[in-house]
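Secondary and tertiary structure notes
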Amino acid sequence: MLNVPTLWTVFVVNFLALGVIWAYVTRSYPKFAAARFWMASSFVGAAGAMTALVRLFVASPLPLLLGAGGVIAASCLAAMGIQRFYDRPVSWRLMIATGCLSLTGVVVFMVGFDHMQLRMLSYTFGQALPLVLALCLLLSPEGRVSPGARLSGIVILSILAILLARTVGNLLGHDLSARAGGQAHAVMVLGLLFLSMTLNFGFLLMAMDSLRNEVADLALLDDLTGVANRRHLLQRLTEECARSERSGEPFSLLVIDLDGFKTINDTHGHAAGDACLKHFTLMAQTRLRPGDMLARTGGDEFCIVLPSSSLREAAAIARRVLDVCRQDAATCTGGDIPIAISIGVAQWDRDIGQFPDRLIAHADHALYAAKKNGKNDFAVYDPAPPLSPAPIGPGEPARHFA
């Protein structure tokens, strides 16, 4: 025989433990906002269950009402945590309205006039609606597909199935409320207890997956500038080379070097050098297209991957990046440090194949030509330069097209 008070006591203990776990997650990862809602859900649910237990010792409907309010609030907070996890705006007004409407129905059909079926229907509405809204996010194709999200979705469907079964049973004349008790009510409490704990484990798996992805993203970003690092660049170049070899569509690469960067560090200090790198990053990003990738490969060296771009298109983008740096340098006054850059431009071809280091070597070769021509300029890699190149004048840019 299942004992309902014992089950509710287990519910309280387990949800207090889950609340402590979420509190630790919240403290360790303060930017993970969803954890705060799931922590509140666990503590509020435990408080609601603890209050509901008081009804065994107090002949008043107040503990039962407060307990119902706690369980409804816990359901709303759990759904709000899912919304926050998916970076959606939290529906405070909707959740508060749902909770108030549901609790009002419970009060009216318990205190105003006793109607078990309508009272339980109001109570179930407050529990189920937030979970239905959360389920839409978990099962949305736009959501993050993860084992935790799938588990949470399955558990919520199971919880909704039990709530539906309880509602149908009440409408058919079977009193499955907490007031009546009974073994059917105890079985449902046991099922909801197990599923609620499992749902929190699903949330924990979602949190672990999110944090793991965040760590993976950080491993591909440059600490100083926030753009891609060399590892990310090589991954992207490998993907683009494979794609171009399959389709035959070219792409291009810019290799960029800040002119006189060592002098900036020696004269103004490394903090000023770091500021120059950040400032260049911001300027360059304003001249790139969606899908282009800027990466810092080390020191004062950067690369820009230009998908589906011919050599001439890449040269046009190089000119735009160069122009914005020149315009910025022209406006420098006082203690401002002007930034000058040199750029090498190269395009993928069949000879490069799936070896991105060859493309980088071509762009480096063009960068060397730009440096040799006087810096603060760009040059394009020519795989077959003329046998007798015309002399380059002192002010003429080193730009050769294949």
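Described in the following lines is the structure provided in the data block. The written sequence of each chain sets the order in which its residues are numbered from 1. Local features in this predicted model are restricted to residues whose pLDDT is 70 or higher, and side-chain atom pairs enter the listing and the counts only when it is 80 or higher, whereas totals over whole chains, interfaces and linings include all residues. Calculation of side-chain values draws on the structure's entire complement of heavy atoms; hydrogens and water are dropped beforehand.

1. Some words on empty space enclosed by the protein
Points on a 1 Å grid over protein atoms alone make up a cavity when a 1.4 Å probe fits among them but cannot get out, and a pocket when they form an open set with protein on both sides within 12 Å along at least five of seven lines; lining residues each have an atom within 4 Å of a point. Grid points are joined across faces, edges and corners, and a volume is the space filled by probe spheres set on the points. Per the stated rule, a full pass over the model turns up 1 cavity of 30 Å³ or more. Roughly 650 Å³ of internal volume is contained in the largest cavity. Among the elements that line the lining of the largest cavity, the one with the most residues is helix α7 (residues 182-218), at 8 residues. In the scheme used here, Gly and all other residues not listed as nonpolar or charged are polar, with Ala, Val, Leu, Ile, Met, Phe, Trp, Tyr, Cys and Pro taken as nonpolar and Asp, Glu, Lys and Arg as charged. For the lining of the largest cavity, the per-class residue count stands at 23 nonpolar, 9 polar and 3 charged. Working definition: helices are DSSP H or I runs of at least four residues, strands are E runs of at least two. Numbering for both runs from the N terminus.

2. What about the layout of surface pockets?
The calculated volume of the second largest pocket comes to roughly 290 Å³. Where the lining of the second largest pocket is concerned, the elements lending two or more residues are α3 (62-85) and α7. It is α7 that provides the largest number of residues to the lining of the second largest pocket, a total of 5 residues. Partitioning the lining of the second largest pocket into residue classes produces 9 nonpolar, 1 polar and 5 charged.

3. Structural notes on the sheet that holds strand β3 (residues 301-306)
Spatial strand order, β2-β3-β1-β4-β5: 5 strands in an open sheet with mixed pairing. Where the open sheet ends on each side, the last strands, each with one partner, are β2 (293-298) and β5 (378-380). The mean angle between the axes of side-by-side strands here comes to 20 degrees, regardless of whether they run parallel or antiparallel. Sheet topology note: the strand β4 (residues 341-347)/β5 ladder contains 3 bridges and is parallel. Considered in β5, the bridge of Ile-343 is made with Phe-378. The strands that helix α10 (residues 270-285) touches are β1 (252-258), β2, β3 and β4; relative to β2, the one it contacts most, it runs at about 155 degrees. Two residues form a contact once any of their heavy atoms are found within 4.5 Å. Under this scheme, a helix contributes an axis fitted over its contacting stretch, all axes are lines through C-alpha atoms, and angles between N-to-C directions fall in the 0 to 180 degree range. This element, helix α11 (residues 311-330), spans β1, β3, β4 and β5 of the sheet and lies at about 170 degrees to β4. In this scheme, strands are said to pair when DSSP sees at least two bridges between them.

4. Here's the deal with the pairing of β2
It is a general feature of regular strands that their side chains alternate between the two faces of the sheet. Across the 6 residues of β2, 5 count as buried, placing the element largely inside the fold. Connecting β2 to the next strand, β3, in antiparallel fashion are 2 residues, including Gly-299 with a positive phi near 60 degrees. Throughout, exposure labels follow a simple rule: accessible area from a 1.4 Å probe, protein chains only, divided by the maximum for the residue type, with under 20% read as buried, over 50% as exposed, and the rest as partly exposed.

5. As for the environment of Ile-343
Looking at the element boundaries, Ile-343 is found in strand β4. For the pair Ile-343 and Cys-241, spaced 102 residues apart in sequence, the C-alpha separation works out to 21 Å. Ile-343 has contacts with Leu-254, Val-255, Ile-256, Ala-318, Val-321, Leu-322, Ala-366, Leu-367, Ala-370, Asp-377, Phe-378 and Ala-379, leaving out every residue within four places of it along the chain.

6. Some details on a nonpolar patch on the surface
Residues Leu-16, Val-20, Phe-43 and Met-50 make up a contiguous nonpolar surface patch of about 330 Å² in total accessible area. For Met-50, the location among the structural elements is in helix α2 (residues 34-53). With a relative accessible area of 42%, Met-50 lands in the partly exposed category. A patch consists of residues exposed above 30% relative accessible area that lack any salt bridge, with like charges linked at up to 9 Å and nonpolar side chains (Val, Leu, Ile, Met, Phe, Trp, Tyr) linked at up to 5 Å. All accessible-area figures derive from a Shrake-Rupley calculation using a 1.4 Å probe, and residue coverage is judged against the displayed protein chains alone. What makes a salt bridge here is a side-chain nitrogen of Lys or Arg within 4 Å of a carboxyl oxygen of Asp or Glu, nothing more.

7. Regarding the packing of α10 against α11
In the contact formed by α10 and α11, the axes pass within 9 Å of each other and the chain directions differ by 130 degrees. Considering the angle they form, α10 stands oblique to α11. As for how α10 packs across α11, the hand of that crossing is right-handed. In this structure, α10 uses His-279, Phe-280, Met-283 and Ala-284 to contact α11, whose residues at the interface are Val-321, Val-324, Cys-325 and Asp-328. In terms of residue class, the contact of α10 with α11 is made up of 6 nonpolar, 1 polar and 1 charged. Here the angle decides the label: under 35 degrees means roughly parallel, over 145 means roughly antiparallel, 65 to 115 means roughly perpendicular, and every other value means oblique. By definition, any crossing whose near helix is turned counterclockwise from its far helix by less than a right angle is left-handed, and any crossing with a clockwise turn is right-handed.

8. Here we look at the pattern of salt bridges
Under the criterion given, the structure shown has 10 salt bridges. Its salt-bridge partner being Asp-222, residue Arg-296 comes within 3.3 Å of it at the nearest N-O pair. Here Asp-222 lies in the loop between α7 and α8 (230-247) and Arg-296 lies in strand β2, a separation of 74 residues in the sequence. On the basis of relative accessibility, which here comes to 14%, the residue Asp-222 falls in the buried class. Residues Glu-240 and Arg-243 are paired through a salt bridge, measuring 2.9 Å at the closest nitrogen-oxygen approach. Residue Glu-240 and its partner Arg-243 are located together in helix α8, separated by 3 residues, close to a single helical turn. Via salt bridges that share partners, Arg-236, Glu-240 and Arg-243 belong to a single interconnected network.

That is the geometry; function is a separate question.
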